[in-house]
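Structural features, examined
Take a look at the letters that make up each chain.
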Amino acid sequence: MTELSRARIRGLMGEVMANQGKVLPDDDAAELREIGFRSLDFSELALRVEDETEEELNFDAPGLRRIATVGDVLDFLAELQRQ
Amino acid sequence: MSDLATRVRPVPPSTVVLVSGGSRGLGLAIVTDLLDAGLKVAAFARTVTPELAKLADAHPERTHVGPVDVTDLAAAQAFVRAAEDRLGPLDGLVNNAAVGQDSLHVHTAAADLARIIETNLTAPLQLTRLAVRRMLAQGRRGRIVNVTSICAQRGFPGLVAYSATKGGMDAATRSLARELGGRMLVNAVAPGFFASEMSAVLGQTQLDQIVRRTPTGQLTEPAEVLPVVRMLLCDQTNINGQVIVVDGAASI
(Lines give C-alpha, C1' and ligand atoms only; values in the text may rest on other atoms or scores of the structure.)
Protein backbone atom coordinates (compact mmCIF):
# COMPACT_ATOMS: atom_id res chain seq x y z
CA MET A 1 0.00 0.00 0.00
CA THR A 2 1.20 3.49 -0.83
CA GLU A 3 1.38 5.67 2.26
CA LEU A 4 0.74 9.34 1.82
CA SER A 5 3.00 11.80 3.57
CA ARG A 6 1.66 14.31 6.01
CA ALA A 7 2.46 17.02 3.48
CA ARG A 8 0.50 15.26 0.77
CA ILE A 9 -2.48 14.84 3.08
CA ARG A 10 -2.23 18.54 3.88
CA GLY A 11 -2.29 19.25 0.15
CA LEU A 12 -5.45 17.18 -0.26
CA MET A 13 -7.01 18.92 2.72
CA GLY A 14 -6.29 22.22 1.02
CA GLU A 15 -8.05 20.96 -2.11
CA VAL A 16 -11.13 19.95 -0.12
CA MET A 17 -11.34 23.40 1.40
CA ALA A 18 -10.58 25.21 -1.83
CA ASN A 19 -13.45 23.30 -3.43
CA GLN A 20 -15.71 25.19 -1.03
CA GLY A 21 -14.03 28.53 -1.50
CA LYS A 22 -12.14 28.26 1.80
CA VAL A 23 -8.45 28.46 2.55
CA LEU A 24 -6.44 26.02 4.65
CA PRO A 25 -4.18 27.99 7.00
CA ASP A 26 -0.50 27.11 7.32
CA ASP A 27 -0.76 26.76 11.09
CA ASP A 28 -1.39 23.17 12.21
CA ALA A 29 -2.86 24.54 15.43
CA ALA A 30 -5.71 26.21 13.53
CA GLU A 31 -9.06 25.14 14.96
CA LEU A 32 -11.32 23.26 12.54
CA ARG A 33 -14.29 25.06 14.03
CA GLU A 34 -12.74 28.39 13.10
CA ILE A 35 -11.82 27.46 9.55
CA GLY A 36 -15.13 25.73 8.78
CA PHE A 37 -13.79 22.21 8.25
CA ARG A 38 -16.70 19.93 9.01
CA SER A 39 -17.12 16.21 9.64
CA LEU A 40 -18.12 15.57 6.06
CA ASP A 41 -15.11 17.51 4.87
CA PHE A 42 -13.07 15.03 6.85
CA SER A 43 -14.91 12.18 5.12
CA GLU A 44 -14.22 13.74 1.75
CA LEU A 45 -10.54 14.07 2.66
CA ALA A 46 -10.38 10.45 3.84
CA LEU A 47 -11.92 9.31 0.55
CA ARG A 48 -9.33 11.33 -1.38
CA VAL A 49 -6.59 9.65 0.62
CA GLU A 50 -8.21 6.28 -0.14
CA ASP A 51 -8.27 7.17 -3.80
CA GLU A 52 -4.51 7.76 -3.83
CA THR A 53 -3.55 4.83 -1.63
CA GLU A 54 -6.12 2.46 -3.16
CA GLU A 55 -6.82 1.23 0.35
CA GLU A 56 -10.12 1.64 2.15
CA LEU A 57 -9.87 3.52 5.44
CA ASN A 58 -12.55 2.61 7.94
CA PHE A 59 -12.74 4.05 11.42
CA ASP A 60 -15.22 4.55 14.23
CA ALA A 61 -16.81 7.87 15.11
CA PRO A 62 -15.32 8.25 18.64
CA GLY A 63 -11.86 8.78 17.20
CA LEU A 64 -13.14 11.70 15.18
CA ARG A 65 -14.53 13.50 18.20
CA ARG A 66 -11.03 14.14 19.52
CA ILE A 67 -10.04 15.91 16.33
CA ALA A 68 -10.06 19.65 16.78
CA THR A 69 -7.19 21.13 14.79
CA VAL A 70 -5.63 20.85 11.36
CA GLY A 71 -2.74 18.98 12.94
CA ASP A 72 -5.14 16.48 14.51
CA VAL A 73 -6.58 15.71 11.08
CA LEU A 74 -3.17 15.14 9.55
CA ASP A 75 -2.00 13.02 12.48
CA PHE A 76 -5.17 10.94 12.44
CA LEU A 77 -4.99 10.12 8.74
CA ALA A 78 -1.24 9.52 8.83
CA GLU A 79 -1.71 7.12 11.74
CA LEU A 80 -4.73 5.44 10.15
CA GLN A 81 -2.68 4.49 7.11
CA ARG A 82 -0.24 2.60 9.33
CA GLN A 83 -2.92 0.48 11.01
CA MET B 1 -14.74 18.09 15.19
CA SER B 2 -16.80 21.12 14.44
CA ASP B 3 -20.03 20.95 12.57
CA LEU B 4 -20.64 24.62 13.03
CA ALA B 5 -20.57 25.83 9.63
CA THR B 6 -20.49 28.42 7.25
CA ARG B 7 -23.87 28.56 5.63
CA VAL B 8 -24.50 25.44 3.57
CA ARG B 9 -25.45 25.88 -0.04
CA PRO B 10 -28.71 24.18 -1.09
CA VAL B 11 -28.28 20.76 -2.66
CA PRO B 12 -28.78 21.25 -6.40
CA PRO B 13 -31.31 19.22 -8.38
CA SER B 14 -30.11 15.80 -9.46
CA THR B 15 -29.04 15.47 -13.07
CA VAL B 16 -27.73 11.90 -13.28
CA VAL B 17 -29.78 9.42 -11.29
CA LEU B 18 -29.20 5.76 -10.54
CA VAL B 19 -32.41 3.72 -10.19
CA SER B 20 -32.26 0.18 -8.85
CA GLY B 21 -35.00 -2.21 -9.88
CA GLY B 22 -35.87 -0.08 -12.88
CA SER B 23 -37.18 -2.72 -15.22
CA ARG B 24 -40.84 -2.97 -14.25
CA GLY B 25 -43.63 -1.55 -12.13
CA LEU B 26 -42.86 1.55 -10.11
CA GLY B 27 -39.14 1.39 -10.94
CA LEU B 28 -39.81 1.47 -14.67
CA ALA B 29 -42.30 4.28 -14.18
CA ILE B 30 -39.68 6.27 -12.25
CA VAL B 31 -37.10 5.77 -14.99
CA THR B 32 -39.62 6.87 -17.61
CA ASP B 33 -40.67 9.90 -15.62
CA LEU B 34 -37.12 11.08 -14.94
CA LEU B 35 -36.20 10.71 -18.60
CA ASP B 36 -39.31 12.68 -19.53
CA ALA B 37 -38.13 15.36 -17.12
CA GLY B 38 -34.84 15.60 -19.01
CA LEU B 39 -32.58 13.83 -16.53
CA LYS B 40 -29.96 11.22 -17.31
CA VAL B 41 -30.82 7.84 -15.83
CA ALA B 42 -28.80 4.73 -15.09
CA ALA B 43 -31.09 1.82 -14.31
CA PHE B 44 -30.45 -1.77 -13.48
CA ALA B 45 -32.49 -4.79 -12.51
CA ARG B 46 -31.93 -8.51 -12.43
CA THR B 47 -33.34 -8.63 -15.93
CA VAL B 48 -33.58 -5.85 -18.47
CA THR B 49 -37.16 -6.09 -19.65
CA PRO B 50 -38.17 -5.20 -23.21
CA GLU B 51 -39.85 -2.08 -21.79
CA LEU B 52 -36.62 -0.84 -20.19
CA ALA B 53 -34.60 -1.74 -23.28
CA LYS B 54 -37.06 0.24 -25.40
CA LEU B 55 -36.59 3.28 -23.17
CA ALA B 56 -32.83 2.97 -23.45
CA ASP B 57 -33.12 2.77 -27.24
CA ALA B 58 -35.30 5.86 -27.29
CA HIS B 59 -32.83 7.90 -25.20
CA PRO B 60 -29.41 6.39 -25.93
CA GLU B 61 -27.52 9.49 -24.90
CA ARG B 62 -29.29 9.81 -21.56
CA THR B 63 -29.66 6.24 -20.37
CA HIS B 64 -27.47 3.42 -19.23
CA VAL B 65 -29.16 0.12 -18.43
CA GLY B 66 -27.95 -3.33 -17.57
CA PRO B 67 -28.73 -6.60 -15.79
CA VAL B 68 -27.48 -6.44 -12.21
CA ASP B 69 -28.68 -8.26 -9.13
CA VAL B 70 -28.76 -5.57 -6.44
CA THR B 71 -27.28 -8.02 -3.94
CA ASP B 72 -24.17 -8.40 -6.11
CA LEU B 73 -22.10 -5.49 -4.85
CA ALA B 74 -19.22 -6.03 -7.26
CA ALA B 75 -21.62 -6.00 -10.21
CA ALA B 76 -23.31 -2.88 -8.87
CA GLN B 77 -19.94 -1.16 -8.52
CA ALA B 78 -19.00 -2.06 -12.07
CA PHE B 79 -22.37 -0.82 -13.32
CA VAL B 80 -21.99 2.50 -11.52
CA ARG B 81 -18.51 3.02 -12.94
CA ALA B 82 -19.73 2.29 -16.46
CA ALA B 83 -22.77 4.52 -15.97
CA GLU B 84 -20.62 7.43 -14.81
CA ASP B 85 -18.26 6.96 -17.76
CA ARG B 86 -21.23 7.23 -20.06
CA LEU B 87 -23.53 9.74 -18.37
CA GLY B 88 -21.29 11.70 -16.04
CA PRO B 89 -20.99 11.73 -12.26
CA LEU B 90 -23.99 10.48 -10.31
CA ASP B 91 -25.80 13.00 -8.15
CA GLY B 92 -28.97 11.07 -7.47
CA LEU B 93 -29.99 7.61 -6.30
CA VAL B 94 -33.37 5.93 -6.10
CA ASN B 95 -33.28 2.75 -4.04
CA ASN B 96 -36.26 0.97 -5.51
CA ALA B 97 -35.23 -2.66 -5.99
CA ALA B 98 -36.96 -4.98 -3.56
CA VAL B 99 -38.53 -8.37 -3.29
CA GLY B 100 -42.01 -8.85 -1.89
CA GLN B 101 -43.41 -11.37 0.52
CA ASP B 102 -46.69 -13.20 0.88
CA SER B 103 -46.19 -15.73 3.63
CA LEU B 104 -46.92 -15.86 7.34
CA HIS B 105 -43.78 -15.44 9.41
CA VAL B 106 -43.98 -18.89 10.96
CA HIS B 107 -44.18 -20.44 7.52
CA THR B 108 -41.43 -18.41 5.89
CA ALA B 109 -38.25 -20.39 5.33
CA ALA B 110 -35.15 -19.08 7.09
CA ALA B 111 -33.41 -18.80 3.74
CA ASP B 112 -36.27 -16.65 2.44
CA LEU B 113 -36.02 -14.35 5.46
CA ALA B 114 -32.32 -13.89 4.75
CA ARG B 115 -32.99 -13.24 1.08
CA ILE B 116 -35.62 -10.60 1.81
CA ILE B 117 -33.34 -8.83 4.28
CA GLU B 118 -30.35 -9.00 1.96
CA THR B 119 -32.28 -7.64 -1.02
CA ASN B 120 -34.44 -5.03 0.70
CA LEU B 121 -32.14 -3.77 3.44
CA THR B 122 -28.49 -4.78 3.11
CA ALA B 123 -28.28 -4.20 -0.63
CA PRO B 124 -29.76 -0.68 -0.64
CA LEU B 125 -27.53 0.26 2.28
CA GLN B 126 -24.53 -0.99 0.32
CA LEU B 127 -25.64 0.81 -2.82
CA THR B 128 -26.18 4.00 -0.85
CA ARG B 129 -22.72 3.68 0.68
CA LEU B 130 -21.26 3.21 -2.78
CA ALA B 131 -23.07 6.22 -4.23
CA VAL B 132 -22.32 8.48 -1.28
CA ARG B 133 -18.64 7.57 -1.33
CA ARG B 134 -18.40 8.45 -5.01
CA MET B 135 -20.21 11.74 -4.50
CA LEU B 136 -18.27 12.74 -1.40
CA ALA B 137 -14.91 11.80 -2.86
CA GLN B 138 -15.46 14.28 -5.64
CA GLY B 139 -16.92 16.98 -3.44
CA ARG B 140 -20.34 16.60 -5.06
CA ARG B 141 -23.76 17.01 -3.53
CA GLY B 142 -26.65 14.76 -4.28
CA ARG B 143 -30.06 13.41 -3.43
CA ILE B 144 -31.23 9.99 -2.37
CA VAL B 145 -34.78 8.67 -2.43
CA ASN B 146 -35.59 5.37 -0.78
CA VAL B 147 -38.78 3.68 -1.91
CA THR B 148 -40.19 2.10 1.22
CA SER B 149 -43.76 1.17 2.06
CA ILE B 150 -46.70 1.83 4.29
CA CYS B 151 -45.84 -1.59 5.71
CA ALA B 152 -43.04 0.12 7.65
CA GLN B 153 -45.64 2.02 9.66
CA ARG B 154 -48.65 -0.26 9.81
CA GLY B 155 -48.93 -3.97 10.41
CA PHE B 156 -50.03 -6.39 7.71
CA PRO B 157 -50.13 -10.17 7.94
CA GLY B 158 -47.86 -12.03 5.58
CA LEU B 159 -45.38 -9.21 5.36
CA VAL B 160 -43.31 -9.46 8.53
CA ALA B 161 -39.82 -9.59 7.04
CA TYR B 162 -40.74 -7.22 4.22
CA SER B 163 -42.11 -4.71 6.73
CA ALA B 164 -38.99 -5.01 8.87
CA THR B 165 -36.76 -4.16 5.92
CA LYS B 166 -38.88 -1.19 4.89
CA GLY B 167 -38.90 0.07 8.47
CA GLY B 168 -35.15 -0.32 8.47
CA MET B 169 -34.84 1.82 5.38
CA ASP B 170 -37.10 4.49 6.88
CA ALA B 171 -34.84 4.58 9.92
CA ALA B 172 -31.71 4.66 7.76
CA THR B 173 -33.21 7.56 5.82
CA ARG B 174 -33.38 9.69 8.95
CA SER B 175 -29.89 8.81 10.15
CA LEU B 176 -28.37 9.36 6.71
CA ALA B 177 -29.98 12.78 6.48
CA ARG B 178 -28.33 13.66 9.78
CA GLU B 179 -25.02 12.06 8.93
CA LEU B 180 -24.71 13.67 5.52
CA GLY B 181 -25.16 17.07 7.02
CA GLY B 182 -26.94 18.81 4.23
CA ARG B 183 -24.49 17.77 1.54
CA MET B 184 -27.09 15.29 0.46
CA LEU B 185 -30.82 15.22 0.86
CA VAL B 186 -32.10 11.80 1.87
CA ASN B 187 -35.80 11.02 1.91
CA ALA B 188 -38.15 8.10 1.55
CA VAL B 189 -41.41 7.67 -0.28
CA ALA B 190 -43.78 5.14 1.24
CA PRO B 191 -46.55 4.14 -1.12
CA GLY B 192 -49.68 2.40 0.06
CA PHE B 193 -50.54 -0.86 -1.60
CA PHE B 194 -50.84 -0.62 -5.34
CA ALA B 195 -54.07 -1.94 -6.77
CA SER B 196 -52.21 -4.46 -8.87
CA GLU B 197 -50.31 -5.87 -5.87
CA MET B 198 -53.37 -6.02 -3.70
CA SER B 199 -55.49 -7.76 -6.24
CA ALA B 200 -52.85 -10.45 -6.52
CA VAL B 201 -53.14 -11.48 -2.88
CA LEU B 202 -56.54 -10.25 -1.70
CA GLY B 203 -60.04 -11.07 -2.70
CA GLN B 204 -62.50 -8.55 -4.10
CA THR B 205 -64.31 -8.26 -0.74
CA GLN B 206 -61.10 -7.30 1.04
CA LEU B 207 -60.15 -4.90 -1.73
CA ASP B 208 -63.52 -3.20 -1.48
CA GLN B 209 -63.14 -2.91 2.28
CA ILE B 210 -59.73 -1.23 1.98
CA VAL B 211 -61.03 1.17 -0.62
CA ARG B 212 -63.99 2.07 1.63
CA ARG B 213 -61.58 2.85 4.47
CA THR B 214 -59.41 5.06 2.28
CA PRO B 215 -60.57 8.68 2.41
CA THR B 216 -59.66 9.31 -1.21
CA GLY B 217 -61.66 6.22 -2.18
CA GLN B 218 -58.92 4.59 -4.21
CA LEU B 219 -55.80 2.50 -3.88
CA THR B 220 -52.50 4.06 -4.87
CA GLU B 221 -51.32 3.99 -8.46
CA PRO B 222 -47.62 4.14 -9.40
CA ALA B 223 -48.29 7.31 -11.39
CA GLU B 224 -49.29 9.04 -8.16
CA VAL B 225 -45.92 8.31 -6.58
CA LEU B 226 -43.88 9.68 -9.47
CA PRO B 227 -44.36 13.42 -8.79
CA VAL B 228 -43.17 12.91 -5.22
CA VAL B 229 -40.00 11.09 -6.28
CA ARG B 230 -39.34 13.73 -8.93
CA MET B 231 -39.90 16.55 -6.44
CA LEU B 232 -37.45 15.03 -3.97
CA LEU B 233 -34.83 14.69 -6.70
CA CYS B 234 -35.36 17.93 -8.53
CA ASP B 235 -37.16 20.62 -6.55
CA GLN B 236 -35.75 23.02 -3.99
CA THR B 237 -37.81 22.15 -0.93
CA ASN B 238 -35.48 21.63 2.08
CA ILE B 239 -37.32 18.34 2.73
CA ASN B 240 -34.73 16.06 4.30
CA GLY B 241 -34.87 12.89 6.38
CA GLN B 242 -38.59 12.46 5.82
CA VAL B 243 -40.82 9.58 4.88
CA ILE B 244 -43.61 10.78 2.64
CA VAL B 245 -46.60 8.47 2.63
CA VAL B 246 -48.65 8.25 -0.55
CA ASP B 247 -51.69 6.20 0.36
CA GLY B 248 -54.76 8.39 0.18
CA ALA B 249 -54.76 8.59 3.98
CA ALA B 250 -55.64 4.92 4.30
CA SER B 251 -53.16 4.59 7.13
CA ILE B 252 -54.09 7.55 9.30
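Quick summary incoming for the structure in this document. (Residues numbered from 1 in each chain as written. Chains lettered and ligands numbered in written order. Predicted model: local features only at pLDDT ≥ 70, side-chain atom pairs only at ≥ 80, totals over all residues.)

Once that is clear, we can look at the overall build of chain A. Helix and strand counts for chain A stand at five helices and zero strands. The linear arrangement of helices and strands in chain A, starting from the amino end, is α-α-α-α-α. Taking 12 Å as the expected radius of gyration for a compact globule of 83 residues, we find that chain A reaches 12 Å, a close match to that expectation. A principal-axis box enclosing the C-alpha atoms of chain A has dimensions of 30 × 25 × 20 Å. Taking as baseline every contact in chain A between residues at least 6 positions apart, the subset at least 24 positions apart corresponds to 72%. (Helix = DSSP H or I, 4+ residues; strand = E, 2+ residues; numbered from the N terminus. Rg over C-alpha atoms; globule rule 2.2 N^0.38 Å. Contact = placed C-beta atoms within 7 Å.)

Turning our eyes to something else, we now look at the overall build of chain B. A tally of helices and strands in chain B yields eight helices and seven strands. For chain B, whose C-alpha radius of gyration is 18 Å, the value lies close to the compact-globule estimate of 18 Å for 252 residues. In terms of its C-alpha atoms, chain B occupies a principal-axis envelope of roughly 55 × 45 × 35 Å. A buried classification covers 41% of the 252 residues belonging to chain B. The contacts in chain B between residues at least 6 apart in sequence include a share of 71% that link residues at least 24 apart. (Buried ≥ 20, exposed ≤ 12 C-beta atoms within 10 Å, placed from the backbone.)

Although it is not a glycine, Glu54 of chain A sits at a positive phi angle of roughly 55°. Of note, Glu54 of chain A is situated in the loop between helix 3 (39–53) and helix 4 (61–65). Overall, Glu54 of chain A belongs to the exposed group, with 8 C-beta atoms counted inside 10 Å. Here Ala249 of chain B, not a glycine, exhibits a phi torsion of approximately 70°, which is positive. Along the chain, the position of Ala249 of chain B falls in the segment after strand 7 (243–246).

What follows deals with the packing of helix 1 (residues 6–18) of chain A against helix 5 (residues 70–82) of chain A. All names here are of chain A. Where helix 1 contacts helix 5, the axes come no closer than 10 Å and their chain directions differ by 120°. Judged on the interaxial angle alone, helix 5 and helix 1 are oblique. You can see that helix 1 and helix 5 cross each other, and the crossing is right-handed. On helix 5, the residues that touch Arg6, Ile9, Arg10 and Met13 of helix 1 are Val73, Leu74, Leu77 and Ala78. (Axes fitted to C-alpha atoms, helices over the stretch in contact; angles between N-to-C directions. Parallel < 35°, antiparallel > 145°, perpendicular 65-115°, else oblique. Left-handed = near helix turned anticlockwise from the far one by under 90°.)

Residue and element names in this part refer to chain B. The strand order across the open sheet formed by seven strands is 3-2-1-4-5-6-7, and the pairing between neighbours is parallel. Strands with a single pairing partner mark the edges of an open sheet, and in this sheet they are strand 3 (63–67) and strand 7. Taking each pair of neighbouring strands and ignoring which way they run, the sheet shows an average axis angle of 15°. Alignment of strand 5 (residues 142–147) against strand 6 (residues 184–191), held across six bridges, turns out to be parallel. Across the sheet, Ile144 pairs through a bridge with Val186, a residue of strand 6. Most of the contacts of helix 1 (residues 25–36) go to strand 2 (residues 40–45), to which it runs at about 165°, and overall it touches strand 1 (16–20), strand 2, strand 3, strand 4 (92–95) and strand 5. (Pairing = 2+ DSSP bridges.)

For the rest of this paragraph, the subject is the packing of helix 3 of chain A against helix 4 (residues 110–137) of chain B. With their axes 8 Å apart at the nearest point, helix 3 of chain A and helix 4 of chain B run at an angle of 90° to one another. When the interaxial angle is binned, helix 3 of chain A and helix 4 of chain B end up roughly perpendicular. Across from Leu40, Ser43, Glu44, Leu47, Arg48 and Asp51 of chain A in helix 3 of chain A, the residues of helix 4 of chain B making contact are Arg133, Leu136 and Ala137 of chain B. Looking at side-chain class alone, the contact of helix 3 of chain A with helix 4 of chain B contains four nonpolar, one polar and four charged residues. (Nonpolar A, V, L, I, M, F, W, Y, C, P; charged D, E, K, R; others polar.)

A separate point is the nonpolar core. One finds Val17, Leu18, Val31 and Val229 of chain B to be the most contacted residues of the largest nonpolar core, which totals 83 residues. If one sorts the elements of this core by residue count, helix 4 of chain B sits on top with seven residues. (Core = buried A, V, L, I, M, F, W, Y, C linked by C-beta atoms within 7 Å.)

With that settled, consider the interface of chain B and chain A. In this assembly, 13 residues from chain B lie in contact with 18 residues from chain A. Partitioned by chemical class, the residues of the side of chain B that touches chain A number six nonpolar, four polar and three charged.

This paragraph deals with the pairing of strand 6 of chain B. Within a regular beta strand, the side chains point alternately toward one face of the sheet and then the other, so they alternate between its two faces. All names here are of chain B. Buried residues dominate strand 6, accounting for eight of its eight residues. Residues Met184, Val186, Ala188 and Ala190 line one face of strand 6 and the alternating positions Leu185, Asn187, Val189 and Pro191 line the opposite face, and both faces are buried. Handedness of the crossover joining strand 5 and strand 6 through helix 5 (residues 160–179): right-handed. Both strand 6 and strand 7 contribute to a ladder of four bridges, which runs parallel. (Right-handed = clockwise from strand over helix to strand, strands pointing away.)

What follows deals with helix 5 of chain A. Residue and element names in this part refer to chain A. The terminal C-alpha atoms of helix 5 lie 19 Å apart, and with 13 residues this matches the ideal 18 Å at 1.5 Å per residue to within 8%. Those residues of helix 5 not exposed but buried are Val70, Val73, Leu74, Phe76 and Leu77. Here the buried residues of helix 5 occupy an arc of 160° about the axis, which is enough to place them on one side. Turned more than 90 degrees off the buried face of helix 5, the exposed positions are Glu79 and Arg82. Buried positions along helix 5 lie against helix 1, helix 2 (32–35), helix 3 and helix 4. (Expected span 1.5 Å × (residues − 1). Arc of directions from axis to C-beta.)

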